[in-house]
Amino acid sequence: MRKLIWTCVVVSALFISFATSAMEGQVDHERAEAEAYIAQIILAHQYEHNFDYVKALECFRKAAQWGGAEALFSIGSDYEVGNGGVQMDYTEALKWYHKAVKGKIIRGGDETWQRGASVAIRNIETRLANSQKLKDKKEIGDTVCDIDGSRVGQVEKVYKDKIEIIRNGTKLEWIKYDDVIKCD
């Protein structure tokens with residue numbers, strides 16, 4: 001709770017700084033917009049820290065109006081995993097990640113969010129391509145992977161909607177048939 005109060009104080013100070021500059025007629029619009037963006041980002045991260053993902057997403061959406069890569073990436077991430085009161089939606093996540101790749105560098109580190117968005121795009125595209133393979137027939141001896149393409153093991157037994165997986169001679173578990181794909 002103290003961290004949230006401290007964050008509110010910092011955010012308020014940034015807005016007061018802008019208001020004071022505006023009253024003095026010394027408005028540097030670019031700086032003011034950057035400060036407002038950073039204030040929203042800080043507040044969003046504080047809400048995330050307190051597990052209030054709905055309010056965090058609201059702050060990221062407000063920050064996104066300035067086109068910063070971090071805000072755009074964070075919205076895409078929420079759609080990718082279904083956080084912040086939104087349903088998991090890869091199409092919507094891809095839209096926001098593509099915006100993040102082209103997003104502005106407003107504060108240090110935003111280029112990292114751009115690179116992260118590029119990686120997220122590739123991962124989602126791989127998952128979507130692999131999701132078509134989930135229904136492929138799996139037989140004893142087949143090597144299977146999870147939907148991201150990471151090797152899980154070999155099929156030991158097949159029973160209705162489940163398969164038994166072994167890795168290095170050790171039985172792992174029974175998993176749902178449609179949770180893995182045949183590796184190429």
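Throughout what follows, the structure given in this document is the object of discussion. (Residues numbered from 1 in each chain as written. Predicted model: local features only at pLDDT ≥ 70, side-chain atom pairs only at ≥ 80, totals over all residues. Heavy atoms only, no water.)

## Looking at the overall build of the protein
Assigned secondary structure in the protein consists of 6 helices and 5 strands. Along the chain direction, N to C, the helices and strands of the protein fall in the order α-α-α-α-α-α-β-β-β-β-β. Relative to its 184 residues, the protein shows a buried fraction of 37%. Contacts spanning at least 24 positions in sequence make up 44% of the contacts within the protein whose residues lie at least 6 apart. Split by element, the accessible area of the protein, about 11100 Å² in all, is 53% carbon and sulfur. (Helix = DSSP H or I, 4+ residues; strand = E, 2+ residues; numbered from the N terminus. Buried < 20%, exposed > 50% of the residue type's maximum accessible area, 1.4 Å probe, protein only. Contact = heavy atoms within 4.5 Å. Areas by Shrake-Rupley, 256 points an atom, 1.4 Å probe, with all protein chains shown as cover.)

## Regarding the pattern of salt bridges
Applying the stated criterion across every chain yields a total of 2 salt bridges. Across the pair E35 and R31 runs a salt bridge whose closest N-O atoms are separated by 2.8 Å. Pair noted here: E35 and R31 are both in helix α2 (residues 29-49), with a separation of 4 residues, about one helical turn. Residue E35 is classed as buried on the basis of its relative accessible area, which comes to 13%. The partner of E92 in a salt bridge is K95, and the shortest N-O contact between them spans 2.9 Å. On the criterion of helical spacing, the pair formed by E92 and K95 is a turn pair, its members being 3 residues apart in helix α5 (residues 90-101). Under the relative-accessibility criterion, K95 is labelled partly exposed at 37%. (Salt bridge = Lys/Arg side-chain N within 4 Å of Asp/Glu carboxyl O.)

## With respect to the sheet that holds strand β3 (residues 162-167)
Taken in spatial order, the 5 strands of this open sheet run β4-β3-β2-β1-β5, and their pairing is antiparallel. Whereas interior strands pair on both sides, the edge strands pair on one side only; in this sheet they are β4 (170-176) and β5 (181-182). (Pairing = 2+ DSSP bridges.)

## Re the packing of helix α4 (residues 69-81) against α5
Following both chains from N to C, one finds α4 and α5 inclined at 165 degrees, their axes separated by 8 Å at the closest point. It follows that α4 is roughly antiparallel to α5 by the angle criterion. Remark: the crossing between α4 and α5 carries left-handed chirality. In contact with A69, L72, F73, I75, G76, S77, Y79 and E80 of α4, α5 contributes Y90, E92, A93, W96, Y97, K99 and A100. Taken together, the residues of the contact of α4 with α5 break down into 10 nonpolar, 2 polar and 3 charged. (Axes fitted to C-alpha atoms, helices over the stretch in contact; angles between N-to-C directions. Parallel < 35°, antiparallel > 145°, perpendicular 65-115°, else oblique. Left-handed = near helix turned anticlockwise from the far one by under 90°. Nonpolar A, V, L, I, M, F, W, Y, C, P; charged D, E, K, R; others polar.)

## Re the nonpolar core
Within the largest apolar cluster, 28 residues are counted, with the highest numbers of intra-cluster contacts made by F60, A71, I75 and Y97. When neighbours within four sequence positions are excluded, A71 is seen to be in contact with Y37, I41, F60, A63 and A64. V152, I175, Y177 and V180 belong to the second largest nonpolar core, which has 8 residues in total. (Core = buried A, V, L, I, M, F, W, Y, C linked by side-chain atoms within 4.5 Å.)

## Observations regarding helix α6 (residues 110-131)
Look at α6: 31 Å from first C-alpha to last across 22 residues, which is about the 32 Å you get at 1.5 Å a residue. Every buried residue of α6 is accounted for by D110, Q114, A117, A120, I121, I124, R127 and N130. Along its buried surface, α6 packs onto α2, α4, α5 and β5. (Expected span 1.5 Å × (residues − 1).)

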